[in-house]
Amino acid sequence: MLDTKYDHLKVEENKYDNWKEKGYFNAGDKSKDPFCIVIPPPNVTGILHIGHAFDTSLQDTIIRFKRMQGFDTLWLPGMDHAAIATEAKVVQKLKGEGIDKYEYGRDKFLEACWDWTHEHGDTIRKQWGKLGLSVDYTRERFTLDEGLNKAVTKVFVDFYNKGLIYRGEKIINWDPAAQTALSNEEVIYQDDPGAFYHLKYVIAGTDDYLDVATTRPETLFGDTAVAVNPKDKRYKDLIGKNVILPIVNKEIPIIGDEHADPEFGTGCVKITPAHDPNDFEVGERHNLERIKVMNPDATMNENAGKYEGQTREECRENLIKDLKEQGLLLDIEPMVHSVGHSERTGVMVEPYLSKQWFVKMETLANRVLEFQKDKDKKVNFYPSRCEKILNHWMEIQHDWCISRQLWWGHRIPAWYKGEEVYVGMEAPEGEGWVQDNDVLDTWFSSALWPFSTLGWPEKTEDLERYYPNDCLVTGIDIIFFWVARMVYQSEEINGVRPFKDCIIHGLIRDKQGRKMSKSLGNGVDPMDMIEKYGADALRHYLCTDVTAGSDLNFDEEKIKSTWNYINKIWNASRFVLMNIENLKEIKLDDLKPEDKWILSKYNKVIKNVTKHMEKYDFNIVGSELYSFIYDDFCSNYIEMAKYSIESDTTQSVLCYVLTGILKMLHPLMPFVTEEIYQMLPIKDAESIMISEYPKYDKKQIFDAEEEIVEDEITFVKNFRNVKAENNISKDMKIMFDTEDDNELIVKLLKLSDNVIKEPLGMNAYKVFSQRIKATIYFEKQMTEEEAKLKEQQIKTLEESIARREKLLSNENYVNKAPANIVEMDRQKLEEEKKKLEELKK
């Protein structure tokens, strides 16, 4: 029997390990149709955050649902190595121990990274258990394990041989803190205060000058030209002449290029090919020198002259002072502009000229766009509007910088000897070859996750059976980071989409709608919520609170409400279990109207819930189940059942419907449903998670009886409302005006001693529903407020009567006052006495 009180900590204890030990999570039953989800891998830098709990709760809901539907479900778990984040954590840890990464050496540093990975990997697995994630641990993968390493290397080599990967010198996004390149998607733009600095570039051999505006004066040491638009009448005659570069005092040419916009600023643009992507392109067109003026840590280098060694911010401040002193600063125009910051470290990204490895995007992106036009080849997004995000990023087609200046990760399989470059699966033969020190962007290996985890490039049984995957669940913020890359890698390598469906959820924000961050201190640890309310309450809240793709404003009060909902289910289940202990078999014959009503409602909710589970509309699933469980089953049917609880039919209906409720709730609330299921006297499986999901049975649809009982419920509600609103006492009488069988109503309202056949001459109210009409006869009962008012009226009248009697007993007043006034007082005295008598009655 269930405990008297619902204790989520006790209910959720030990169940996960039991499920795992019995192999319920494991895939491989070839007698069933396959269904596969590959878990979005969390990184190994720390505990799971609330966003990952959101991801995985949704995925576990899907996989448990499909498992109960009879599919051979594979939910493949894993983690990614998170190159930048992990390396930063390990460097910080070693620094605290007085160890320098470079003095430590690559091999020892990688050992430290593996130690970190194992330690935090164990933590994440424990948290998966706390959440109740039914993943197949026998197939767990890590992005740096041997098989995935082979897959990553093969893709790199194959892409290189196809001309889809190349090495080139370009302006890339550089993170000066992590000292590594970043892809465009790893740059977060934010509005920062800045200024247009108007500088005087004197035209050589004259006293004239050009007004050149820039937001980054510290890069002028790398200027190799000033560009004007060849169609700009103000400057076209100056093309071919030179200007004097301020501070540096060397001549650089004035060039004509469409990049200079006559309508923007002064129409004159300084060209710094090594520190701006647009300037780089201009430099390519005009064969300009590329001069780097910064070191990898964003301090100024030897090309900055006396400013060498200063940070870029210090250099700007000192340079502006010097420009002002030399009369070369024309104006400072404050403004706010969008500045790129590293998604990982938060520092301002530096556009930096560097030799890096790139993926050529045009061919890959165009194939994705073509696939998305074909309903049999495309990835289906839920909600469908998110497909536009994928298509948008494919239309942009920027080449992807994939090399990172780190040690932790997949080392680039390229070797150099002088000017020779060799790319291959193994190191080249012969001496003198040196392997590239850089590693690949983590997203490069994560992009192969849907098939590399199943054994690719080998032709494994798992790959054949579970690929393409059936669905992916992930956040809207990484469609361009991860989803897009999985799609084009899969379609290029295997000629098929990586998964059929892609379910997108929004971001989790705080209650005020703000993004969660350390600086605001508004983050949420899912483990804290589980400790307070249980995994079932947290999961149900995350899965059902908002529609797919919408942001969720985290509200702890709603988790508390969900706990109360579970407690309601617990108490209802206790009542049912106490009354069906001796039930041996389910008998659904000799059904009463209320039994047919609940069975009809039950089957309709099965149909609706199954439909919306298939469409991933979990918020609708939650609403449908809540309404049925709370209103129909707990508030109505259980109350009806109390009057025929000894009947085998009533007990059978209670057991049958409760079992179905538990099964429909199980994907959302695995722990409490298992606890209650195990207490049922009749079960169809050893565990609820491997039991059969309820199926709609049209033979159990009883429209006529459903309509009748629904009307009776409406009548009961209306009766209770009228009784409460009019303060009608229990000794009232009721006469039914219709000749229908009102037995259920009489029982529910406890009216067996109150029914009459003939009308009474007293206060009456009509109560009715669609079919049923009745009259309530009653002695009107005063409310507390009315009684107080009456008491005050009596007191006021008694005081007035006493005052008038005293006045009229005074002969002086009666003889001297005007006769009409005295008569009026006598009349009012009589009226007040009558009114007092009526009130006292």
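About the criteria used
- Residues numbered from 1 in each chain as written.
- Predicted model: local features only at pLDDT ≥ 70, side-chain atom pairs only at ≥ 80, totals over all residues.
- Heavy atoms only, no water.
- Buried < 20%, exposed > 50% of the residue type's maximum accessible area, 1.4 Å probe, protein only.
- Helix = DSSP H or I, 4+ residues; strand = E, 2+ residues; numbered from the N terminus.
- Arc of directions from axis to C-beta.
- Contact = heavy atoms within 4.5 Å.
- Pairing = 2+ DSSP bridges.
- Core = buried A, V, L, I, M, F, W, Y, C linked by side-chain atoms within 4.5 Å.

A short note on helix α10 (residues 362–371)
Point 1. For α10, the full list of buried residues reads Leu364, Ala365, Val368, Leu369 and Phe371. Projected down its long axis, α10 shows its buried positions confined to an angular sector of 165 degrees, all on one face.
Point 2. Looking at the buried residues of α10, the elements they touch are α7 (146–162), β14 (350–359), α11 (387–396) and α15 (479–493).

A word on the pairing of strand β9 (residues 225–228)
If a strand is regular, its side chains alternate between the two faces of the sheet.
Point 1. Alternating positions in β9 separate into two faces, Ala225 and Ala227 on one and Val226 and Val228 on the other, with burial throughout.
Point 2. One ladder, built from three bridges, connects β9 with strand β11 (residues 251–256); its direction is parallel. For Ala227, the partnering residue across the bridge sits in β11 and is Ile255.

Some thoughts on unusual backbone geometry
Most peptide bonds adopt trans geometry, and most residues besides glycine take a negative phi value.
Point 1. Looking along the chain, the bond that leaves Trp456 and enters Pro457 is cis, with omega of 15 degrees.
Point 2. Take Pro457: it is sitting in the loop between α13 (449–452) and α14 (461–466).
Point 3. Residues Tyr467 and Pro468 are joined by a peptide bond in cis, for which omega reads 0 degrees.
Point 4. A positive phi angle, close to 55 degrees, is found at Asn287, a residue other than glycine.
Point 5. Its location among the elements puts Asn287 in the loop between α8 (277–286) and α9 (312–325).
Point 6. On the basis of relative accessibility, which here comes to 71%, the residue Asn287 falls in the exposed class.
Point 7. Residue Tyr616 is not a glycine yet carries a positive backbone phi of 65 degrees.
Point 8. With respect to the helices and strands, the residue Tyr616 is situated in the loop between α19 (593–614) and α20 (618–641).
Point 9. Residue classification places Tyr616 among the buried residues on the basis of a relative accessible area of 8%.

Notes on the nonpolar core
Point 1. Counting residues in hydrophobic clusters, the biggest one holds 131 residues, and the most contacted among them are Phe554, Phe633 and Phe715.
Point 2. Element by element, the count of residues in this core is highest for α20, at 11 residues.
Point 3. Leave out the neighbours within four places in its chain, and Phe554 touches Ile50, Ile508, Arg509, Asp510, Lys511, Met516, Val524, Met529, Leu538, Tyr541 and Ile559.
Point 4. Counting 57 residues, the second largest nonpolar core, distinct from the first, contains Leu74, Val359, Phe381 and Leu448.

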